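# Examining the three-dimensional arrangement
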Amino acid sequence: QVQLVESGGGLVQAGGSLRLSCAASGGTFSSYTMGWFRQAPGKEREWIATIAKTDSSTYYTDSVKDRFTISRDNARNTVYLQMNSLKPGDTAVYSCAASRLVGYVDHARHYAYWGQGTQVTVAS
């Protein structure tokens with residue numbers, strides 16, 4: 001098992017940037033594929049990015065591609081989400097999650113462990 005704790009959320013103006021962090025403990029971090037999800041009020045939870053456990057290949061949903069960057073530091077047991085050019089539509093609770101699967105893991109059902117989420121609000 002692994003415990004995940006997100007941080008770095010907050011209020012930013014449209015066009016601004018935030019970097020979210022997700023610190024893992026209680027497991028072997030390098031053995032997990034890591035993902036970021038978001039959920040806005042009244043909307044479905046949305047997969048946004050994944051970084052693989054094998055070669056750290058990255059995958060993004062189209063709405064954040066070229067604006068967001070997922071990365072990981074296995075020595076620090078941390079996964080990051082750098083968010084640039086933020087839009088009001090990015091406002092949501094952002095959660096990280098861990099999966100034992102390899103590669104392109106783009107659905108919540110494949111992630112066994114979840115953080116509590118951190119709020120990101122983008123003002124227009």
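Residues numbered from 1 in each chain as written. Predicted model: local features only at pLDDT ≥ 70, side-chain atom pairs only at ≥ 80, totals over all residues. Heavy atoms only, no water.

## Quick look at the pairing of strand 1 (residues 3-7)
Of the two faces of strand 1, only one is covered, namely that formed by L4 and E6; the face formed by Q3, V5 and S7 stays uncovered. Relative to strand 3 (residues 18-25), strand 1 is paired through five bridges, and the arrangement is antiparallel. Looking across to strand 3, one finds that E6 is bridged to C22. (Buried < 20%, exposed > 50% of the residue type's maximum accessible area, 1.4 Å probe, protein only. Helix = DSSP H or I, 4+ residues; strand = E, 2+ residues; numbered from the N terminus. Pairing = 2+ DSSP bridges.)

## A few points about the pattern of salt bridges
Side chains that carry opposite charge are capable of pairing whenever their charged atoms lie near each other. Applying the stated criterion to the full structure yields five salt bridges. In this structure, D90 and R38 form a salt bridge, with 2.9 Å as the shortest nitrogen-oxygen distance. Placement of the pair is D90 in the loop between strand 8 (78-83) and strand 9 (92-99) and R38 in strand 4 (residues 33-39), with a sequence separation of 52 residues. Residue D90 shares its accessibility class with R38, and that shared class is buried. A salt bridge links D90 to R67; its shortest N-O distance comes to 2.8 Å. (Salt bridge = Lys/Arg side-chain N within 4 Å of Asp/Glu carboxyl O.)

## Describing the side chain of T118
Topologically, T118 is positioned in strand 11 (residues 118-123). A polar contact of 3.3 Å, which involves the side chain of T118, links it to the backbone nitrogen of G9. Beyond its immediate sequence surroundings of up to four residues, T118 is in contact with E6, S7, G8, G9, L20, A92, V93 and Y94. (Polar contact = N/O pair within 3.5 Å; in protein donor to acceptor, adjacent residues only side chain to side chain. Contact = heavy atoms within 4.5 Å.)

## So, the pairing of strand 5 (residues 46-51)
Summarising burial for strand 5: five of the six residues are buried, a large majority. Of the pairings in the sheet, the one linking strand 4 to strand 5 comprises five bridges and is antiparallel in character. Following the sheet pairing, G35 is matched in strand 5 by T50. With antiparallel pairing between neighbouring strands as the criterion, strand 5 and strand 6 (residues 58-60) make up a hairpin whose turn holds six residues, including S56 at a positive phi of roughly 60°.

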